[in-house]
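So you can see what is in the structure, the chains are spelled out below.
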Amino acid sequence: YTVQVGIGAPLKIYNLIIDTASAITWCGGSNLYVSDTGVNTGVPVAYNYGYGSFAGTLWEDKLIIDEKITIPNMQFGVASSARDIIVDGVLGLGPTSSSQAALPQEQTIPTITDRLVQQETIDVPVVGIYFHPIYPNKVTFGELTFGGAHRAMCSSSIRWTDITATAPSSRYWGIDQRISYKNTEILSQTAGIIDAGCTFLYLSADAYERYRDATGGTVNPTNGLLQISLDQYNALGTLDFHISTMTYSLVRNAQIWPRSLNDKVNGGVNDIFLVVKSFATSTGSGCDFINGYVFLQRFYVVLDGHERRVGFATTRWTYAQNN
């Protein structure tokens, strides 16, 4: 998912990836930053996302989100180089502490939600995130709500869990959870993060192997994804995320790559790929899972920087078999 953000004068529109694992907003990737009102702070900024990276300098300028929210003198990065990022940049919705990874001497800068609180546009640094699965015609819809949750998008009450105390996940939107498949535990209670900028669900190497063996998936040599047969697909059970006192389940179609997008991963029309991938490390690293976009498109997620907690609710898409 991307969001349109206007920056500078004359106003120029940039398409930015929504990322909850970093706090730095930046532009200038595929669409160069040009403005008569920008001020170069001279502070270097750089970040490695895993799927790509950027380096540049912090600037200050007016920023407008979706023509509705204006932040004067917002600090953001302007890329002098960007690797493997095909859009204009990133909208960073991570906690303030996560900006340390991008700045010298572990500095932090106010995030977009911090600034909205400072200028009293919103009361608390909270963001509600709503995505839904892709349709066969590749139509998608998403919504960001600053300052709270849009409860009309939820089909259940929002249940909360505290930010984990385990580093490094504690510096991000990190939570504790365990995961089971067909009622068999594949990942014991451990820490990891919520990341809208990550496409897949990542598990520690040993948990991934247990999921692979349980589903019967084999690694496709072309794209590295687990591939299953039609019979194995029909036999898929739910993948259950146990968070605090609640269980959130990915149904069969929520565990597979959208078949209408098989061409994007060099797959055939009838191929079936799973969306679970593996870390190089085993359980115990301090970040043993990433609940990425494939998880967020099935649940409403609330990131609460004031109470240091994350909320989850079901939506009309949680149990849908769209794919």
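Thresholds applied
- Going along each chain's sequence as written, the residues are numbered from 1 onward.
- Only residues with pLDDT of 70 or above have their local features reported here, since the model is predicted, and side-chain atom pairs are shown and tallied only from 80 upward, although totals for entire chains, interfaces and linings are computed over all residues.
- Excluded from the side-chain calculations are hydrogens and water; all other atoms, namely the structure's heavy atoms, are used.
- For two strands to be treated as a pair, DSSP must find at least two bridges joining them.
- Runs of H or I in DSSP of at least four residues are treated as helices and runs of E of at least two as strands, each being numbered from the N terminus.
- Two residues qualify as a contact provided that any one of their heavy atoms is within 4.5 Å of a heavy atom in the partner residue.
- For Phe, Tyr and Trp, rings pair up if their centres lie within 6.5 Å, where Trp contributes its six-membered ring, and each pair is then called stacked (planes under 30 degrees apart), edge-to-face (over 60) or tilted (otherwise).
- In this scheme, a residue with accessible area under 20% of its type's maximum is buried, one over 50% is exposed, and one in between is partly exposed, where area comes from a 1.4 Å probe on protein chains only.
- We define the nonpolar core as a collection of buried residues of types Ala, Val, Leu, Ile, Met, Phe, Trp, Tyr and Cys that are connected through side-chain atoms lying within 4.5 Å of one another.

Moving on, we come to the sheet that holds strand E15 (residues 226-228). If you walk across this open sheet you meet the three strands as E14-E15-E18, and the pairing is antiparallel. The open sheet is flanked by strand E14 (218-219) and strand E18 (272-273), the only strands paired with a single partner. Bridging between E15 and E18 involves two bridges; their strand directions are antiparallel. Considered in E18, the bridge of Ile228 is made with Ile272.

Another point: the side chain of Thr161. Along the chain, Thr161 falls in strand E10 (residues 159-162). Each residue touching Thr161, except ones within four places of it in the same chain, is listed here: Ile175, Ile243, Ser244, Arg309, Val310 and Phe312.

Our next topic: the packing of aromatic side chains. Taken as a whole and assessed by the stated rule, the structure comprises 17 aromatic pairs. Aromatic side chains Trp26 and Phe54 sit 4.2 Å apart centroid to centroid with 10° between the ring planes, which places their arrangement in the stacked category. Note that Trp26 is positioned in strand E3 (residues 26-27) and Phe54 in strand E5 (residues 53-65), a separation of 28 residues in sequence. Comparing Trp26 with Phe54, the two get one shared label, buried. Relative to Phe141, the ring of Tyr130 lies with its centre 6.0 Å away and its plane at 65°, an arrangement referred to as edge-to-face. With Tyr130 in strand E8 (residues 126-131) and Phe141 in the loop between E8 and strand E9 (142-146), the pair connects residues that are 11 residues apart, well separated along the chain. For Tyr130, a relative accessible area of 5% gives the class buried.

Once that is clear, we can look at unusual backbone geometry. With an omega of -5°, the peptide bond running from Ala9 to Pro10 counts as cis. Position of Pro10 among the secondary structure elements: in the loop between strand E1 (2-7) and strand E2 (12-19). Between Ala167 and Pro168 the backbone carries a cis peptide bond, its omega angle lying at 5°. Tracing the backbone through its elements, the reader meets Pro168 in the loop between E10 and strand E11 (174-181). Positive phi, close to 50°, is recorded for Lys182, a residue that is not glycine. Along the chain, Lys182 falls in the loop between E11 and strand E12 (184-194).

Next up on the list: the pairing of E1. With six bridges connecting them, E1 and E2 associate as antiparallel partners. The partner of Thr2 across the bridge, within E2, is Ile17. With antiparallel pairing between neighbouring strands as the criterion, E1 and E2 make up a hairpin whose turn holds four residues, including Gly8 at a positive phi of roughly 85°. Direction of pairing for E1 relative to E5: antiparallel, over a ladder of three bridges.

Of all hydrophobic cores here, the largest spans 94 residues; its most connected members are Phe146, Leu203, Leu239 and Phe312. Element by element, the count of residues in this core is highest for strand E6 (residues 69-83), at six residues. Residue contacts for Phe312: discarding those within four places in its chain leaves Ser157, Ile158, Arg159, Thr161, Ile175, Ile194, Ile243, Tyr248, Phe295, Tyr300 and Val301. Core analysis: the next-biggest nonpolar cluster, separate from the first, contains 10 residues, Cys154, Val302, Trp317 and Ala320 among them.

With that settled, consider the pairing of strand E16 (residues 239-243). Here E16 lies mainly inside the structure; five of its five residues are buried. Of the two faces of E16, the one carrying Leu239, Phe241 and Ile243 and the one carrying Asp240 and His242 are both buried. One ladder, built from four bridges, connects E11 with E16; its direction is antiparallel. By the bridge assignment for E16, Tyr181 is matched with Leu239. Strand direction decides the pairing type here: E16 and strand E17 (residues 246-250), joined by five bridges, are antiparallel. Following the sheet pairing, His242 is matched in E17 by Thr247. Here E16 hands over to E17 after two residues, with Ser244 in that stretch at a positive phi of 55°.

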